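Breakdown of the fold
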Amino acid sequence: MKQIFLSLIAFFIVLFPAIGQSTWLKPETGYITNDIIADKAFSCHDISGNTLYAIDSDGLYGYDLATMQQTLNLGKAPASYKGAWVSFVTADPDGTKVWVGYTSSGLVDDRIFSVDINTGVWTHAATLPGNFDMECHNGKYYVSGLNKEGWDGVNDVNCISLLDVSGANQHKKIIEIGGNSTGLAIDGSGNVYNAKYDPSGSSVMYKWSATAIEGILAANDKTFLTKNDATVVTTMPGNGPYDCTTDAAGRLIFNCNDFSGGSFVSLWNGKTGETQNYDKIGVYCGGSFAWFAMIKAKGDLANGGKIYMLNYGDPLVEIRQSLAPSIKRNIDDKLLPINAPQTEINLADYFSAKAGTTIEYAASAATNSILSSVVVDGSTLKVDYLADATGSAEITITGTTSGDATQTSFTIEVRDIDYSNGAFIVNEDWFGHSNGTVNYMTNDQQMVYRAFQNENPGKSLGVTTQFGTIYGNRFFFMSKQGPRLVVANANTMKEQVSIEEFVANESGNKSDGRAFVGVTPEKGYISTTKGIYLFDINTLTVGAIIENTSGEVGNMLRAGNYVFAEKTNEIYIIDATTNQIVKTIAGTSISGVVQALDGYVYVGSKSKLLKVDPYTLEQQEIALPSGIEIPSAFGWAWYAGSFCASATENALFWSKPGGWSGSNIIYKYVIGDESSLSAPFITLESGMELYGAGLRVHPATNQVYVTGKKSGWGDNSLYNKLYVFDGSTGAEVSRKELEPYYWFPAMPVFPDAHAPVLNLTNIEMEKGDQPIRLQLTSLATDADNNDAAILVSVVENNHPEIIEATIDGRELVLAQKQTAGVAQIKLQAISNGISSEASFNVTVGQATGIPVLTDGQIKVYPAPFNTHLTISSKQLQESRYQLVNLIGQVVQSGLLNQTENTISTTSLKPGAYILMINTTEGVITQKVVKQ
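Residues numbered from 1 in each chain as written. Predicted model: local features only at pLDDT ≥ 70, side-chain atom pairs only at ≥ 80, totals over all residues. Heavy atoms only, no water.

Some remarks on the overall build of the protein
Of the regular secondary structure elements, the protein holds four helices and 81 strands. Along the first, second and third principal axes, the C-alpha atoms of the protein reach 140 × 65 × 55 Å. Evaluated residue by residue, the protein yields a buried proportion of 54% over its 931 residues. Residue pairs in contact within the protein that sit at least 24 positions apart in sequence constitute 52% of those at least 6 positions apart. Split by element, the accessible area of the protein, about 37,200 Å² in all, is 47% carbon and sulfur. One way to put it: in the protein the 63 positive side-chain charges average out to a point 3 Å from where the 93 negative ones average out. (Helix = DSSP H or I, 4+ residues; strand = E, 2+ residues; numbered from the N terminus. Buried < 20%, exposed > 50% of the residue type's maximum accessible area, 1.4 Å probe, protein only. Contact = heavy atoms within 4.5 Å. Areas by Shrake-Rupley, 256 points an atom, 1.4 Å probe, with all protein chains shown as cover. Lys, Arg positive; Asp, Glu negative; His and termini not counted. Charge placed at Lys NZ, Arg CZ, Asp CG, Glu CD.)

Observations regarding the pattern of salt bridges
Applying the stated rule across the entire model yields 33 salt bridges. As a salt-bridge pair, E495 and K459 come within 3.3 Å of each other at their nearest N and O atoms. You can see E495 sitting in strand β42 (residues 495-499) and its partner K459 sitting in the loop between α3 (451-455) and β39 (463-471), a full 36 residues away along the chain. What emerges from the salt-bridge pattern is a single network uniting R484, E501, K510 and D512. (Salt bridge = Lys/Arg side-chain N within 4 Å of Asp/Glu carboxyl O.)

Considerations on the packing of aromatic side chains
Under the defined criterion, the tally for this structure stands at 39 aromatic pairs. Here the aromatic rings of W430 and Y741 are separated by 6.2 Å at their centres, their planes lie at 80°, and the arrangement is edge-to-face. Of this pair, W430 sits in the loop between β36 (423-427) and β37 (437-441) while Y741 is found in the loop between β64 (732-737) and β65 (745-749), placing the two residues 311 residues apart along the sequence. On the basis of relative accessible area, Y741 is assigned to the buried category, the value being 15%. When the ring of Y741 is compared with that of Y742, the centres are 6.5 Å apart and the planes differ by 65°; the resulting orientation is edge-to-face. Each member of the pair, Y741 together with Y742, is buried. Through pairs of rings, three or more aromatic residues link up here, namely W430, Y449, Y691, Y741, Y742, W743 and F744. The cationic tip of R329 hangs over the ring face of Y350; the distance from NZ or CZ to the ring centre is 4.8 Å. The side chain of R450 reaches across the aromatic face of Y741, ending 4.8 Å from its centre. (Phe/Tyr/Trp six-rings, centres within 6.5 Å; stacked < 30°, edge-to-face > 60°. Lys NZ or Arg CZ within 6 Å of the ring centre and 35° of its normal.)

A few points about the pairing of strand β54 (residues 601-605)
Across the five residues of β54, five count as buried, placing the element largely inside the fold. Neither face of β54 is exposed, since V601, V603 and S605 on one face and Y602 and G604 on the opposite face are all buried. Examined bridge by bridge, strand β53 (residues 590-595) and β54 share five bridges and lie antiparallel to one another. Looking across to β54, one finds that Q595 is bridged to V601. Connecting β53 to the next strand, β54, in antiparallel fashion are five residues, including G599 with a positive phi near 90°. Of the strand pairs in this sheet, β54 and strand β55 (residues 608-612) are connected by five bridges, and their pairing is antiparallel. Across the sheet, the residue bridging to V601 is V612, located in β55. Linking β54 to β55, which pair antiparallel, is a turn of two residues; within it K606 sits at a positive phi near 60°. (Pairing = 2+ DSSP bridges.)

Here we look at the side chain of T707
You can see T707 is positioned in strand β62 (residues 703-710). Reaching out from T707, the side chain makes a polar contact with the backbone oxygen of Y691 at a distance of 3.0 Å. (Polar contact = N/O pair within 3.5 Å; in protein donor to acceptor, adjacent residues only side chain to side chain.)

Side note on the sheet that holds strand β22 (residues 264-268)
Spatially, the five strands line up as an open sheet ordered β1-β23-β22-β21-β20, and their pairing is antiparallel. The open sheet has two free edges, formed respectively by β1 (25-27) and β20 (241-246), since each of these has just one partner strand. In this sheet, adjacent strand axes meet at a mean angle of 25° when their direction is disregarded. The pairing of β20 with strand β21 (residues 252-256) spans four bridges and is antiparallel. Residue T246 lies in a different strand from β21, and its bridge partner there is L252. (Axes fitted to C-alpha atoms, helices over the stretch in contact; angles between N-to-C directions.)

Some remarks on helix α2 (residues 210-219)
Within the span of α2, buried status applies to A210, I213 and I216. The arc enclosing the buried residues of α2, seen along the axis, measures out at 125°, which places them on a common side. Looking at α2, the residues exposed on the side facing more than 90 degrees away from the buried face are T211, E214 and A218. The elements touched by buried residues of α2 are β12 (140-145), β14 (172-176), β16 (192-196), β17 (203-208) and β18 (225-226). One or two steps after α2, the chain reaches N220, where phi turns positive at roughly 55°. (Arc of directions from axis to C-beta.)

What about the confidence of the model for the protein?
The share of residues in the protein with pLDDT of 70 or more is 93%, and the mean pLDDT across the chain is 91. Segment residues 149-154 is flagged for pLDDT under 50; beyond a separation of four residues in sequence, or across chains, it makes 11 contacts in the model. Long-range and interchain partners of residues 847-853, a stretch whose pLDDT sits below 50, account for 16 contacts in this model, where long-range means more than four residues apart. (pLDDT = per-residue confidence, 0-100.)

Digging into unusual backbone geometry
Here Y861 and P862 are connected by a cis peptide whose omega angle stands at -5°. Within the secondary structure, P862 sits in the loop between β75 (859-861) and β76 (868-872). With phi around 60°, N702 is a residue other than glycine that occupies positive phi space. Along the chain, N702 falls in the loop between β61 (688-697) and β62. You will see that N832, though not glycine, has its phi angle at about 55°, which is positive. Assignment of secondary structure puts N832 in the loop between β73 (821-831) and β74 (834-845). Owing to a relative accessible area of 26%, N832 belongs among the partly exposed residues under this scheme.

Let's talk about the sheet that holds strand β24 (residues 292-298)
Where strands meet in a sheet, backbone hydrogen bonds hold them as pairs that are either parallel or antiparallel. Across the sheet, four strands lie side by side as β2-β26-β25-β24; this open sheet has antiparallel pairing. Of all strands in the sheet, those bounded by a partner on one side alone are β2 (31-36) and β24. The sheet shows a mean angle of 25° between the axes of neighbouring strands, direction not considered.

Observations concerning the state of the cysteines
Across all of its chains, the model carries zero disulfides by this definition. Looking at C44, it has no disulfide partner, and the nearest cysteine sulfur is the one in C244, 14 Å off. What makes C44 buried here is its relative accessible area of 0%. C285 takes part in no disulfide bond, and the closest cysteine sulfur, belonging to C256, lies 17 Å away. (Disulfide = S-S within 2.5 Å.)

Considerations on the nonpolar core
Formed by 47 residues in total, the largest nonpolar core has its most connected members in I55, L60, V100, Y102 and W122. Leaving out residues up to four positions away in the same chain, W122 has contacts with I55, L60, L74, G75, K76, A77, P78, V100, Y102, F113, S114 and V115. Formed by 42 residues, the second largest nonpolar core is a distinct cluster that contains I470, V486, Y533 and A633. (Core = buried A, V, L, I, M, F, W, Y, C linked by side-chain atoms within 4.5 Å.)

Here is the structure:
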């Protein structure tokens, strides 16, 4: 068997000569391979201390491992010896000699020599037929091979013997393995490793315990161990193993010649059994044939140790674990506004050093169209930008440890940010480390992180920014601690005012910020821990506390004639004109106050809803199904709460109470349909939970934006996602994984990109007609607001003696006076603090007998619509309709000549439209939304 091995080896050395500096071993991830002593093709080698002993046809040499320079020439076997092949080179731990084994054709004179390191004298120390490998342990010498005179290829089997160096050659067989000869290894504890090499492909690596070995040695008889006394370490494919070794930490390393799947060197993974229990370190990549041979280890592989392995005909290869740092996570691409402040990135958050090593960082930029400097200061990357520049640049970061490098790249883009077409996330941010922040996701799902700080270098939001809202093209950020209120331009994010404190009374007691609501374009309310303050929007100054408000007040809502303000267990109802509390509503565990599409105000109160008319203040209680509750916005710490409403369908949303662990379930209640609560509407993926308010519904698209973080505490809070779901079906639309950081998201906020539109048409009345009552929602619409929330008022009437125009709750009332003629009426619509005005004429003349059609006589459904829209009325004969987009273009039109008309809308893009119905009696308008 040995003879076959060595004959093949001689053939391949001739056929495939050494190829210098070629890389014949491809490392697996985390390892590095280098060819060493490239001008030699050794047949055997060993390591002792810092010396490599290796032999070729010219002799036995010693090399300094640090410099790879030859330090010893120990000659070769006596010329009189005709041994054909070197079996092994083994350095004796006593440091005085090197053992060299030879085998010969027919295994008739297979000698083992002892070579004196100081004198270079070769001494024939023993003869052992078919010797293959030798290991020294505790002063004893173990040799693997046949250990039998002669060789018949049938009865002889591979075994491990205790070498007799007395000259008597009475070698003691201690393990019989079977198969062809293979290399052996002994770890520091005395455990022995050897493989049964079976050319049929059933090769197995075994381990015999040190205790079993010591027992055989102590027996002093002819007993020996077999594979049945061993633990199966692993199986191997192909033609099987050649050699194995252990490092200083006892890790088993072995190679395997697999001529079909690719020869490899591997590390035992510690598992046992008849499976492949190893991880590959390197694979052959040098050419058409591999014959991996002896393998030796120096030191602890996991702590700077190295492996030295031969492939016959190639240079010796050095294998080690890479000291290059690993990438914890990629650096996210950055989107920044023009003239952004310096970007600082702690590179230690992205690179991980090997134990006991230090990383040196360097940075380079592929382009320089926007960058004024890219500097690494220790582990901090600092990037500065050219004034007024736009464009992008790719930055590559290199982390190096002891010459081993790892790289990662990211792109920075600088452009004029459009803050009107995406979504904001207001963040508490990392308490004790940073003030509040606001991130912005553009409509192409790119993130602008810390948008306010980018646009306002050197300025910041308050501590624990828990609430944000846009009103009148201003962004109001409310924080629990100073600066408690920051107001910015919503379109540019430029700061307009920063207010550090709210002083509750003359005693100087300070109030922590909670929420803001715009009441009129000139006036807002600020809720705090000590009541509600007036706020002058024109001068951006805080006024007095509203009389009789006290204690912690949270969310507020302007609806109809009133402001509804939530407290822990009650609702203040405040006259929006006089700022006086006109009523309080008691509740249990108040969880939010919203206005639905139907115009009513809904108060979440644990297991029920309170439905309130914002004009008459009449209220109705709606019990929720058993087991369904709305979480309180108060508790151990106030937050904005998950309770919210759609602006395009009559539905409410909230999250299931989650306690300390957070919730991953969202409910949708279609108002009036209790069955809509029979099952959760949205369930977040496993391992994620809502944080902060958790969700809000986009007023134009009806998509549900959900802020989720990894469940649990500590570093789990680094991992956050922004989910978008279809508000009609609950289907996931998208998800955006945020840059890892302790954002602690408070709530999503949406830009106010559209002003209200007044849809007015001239009206003719006959003298003596009853007053006309027009629904305000048919007169004014807003693409990104609930039409029921639009405040409509009569600002001018040039002929009050002809027509009286008044607002009565939800209706515009037109009542004729005694005089005939034409009156021009100007209306104002205020939607989310933005106002529009328009006029129409009312003509009062002689009676014609033609009734006036009002929007209440027309039904339009479904809302929102998708593939079709139905318009129903008994008075639509010979009428026409137009669908107008938000820039005034007619995108679809047609005839309505049935009582019920269904029109196809498949060609329309999703979004908001104005439906205009032209009848013989007038024009009716209504906002509709396509999903």
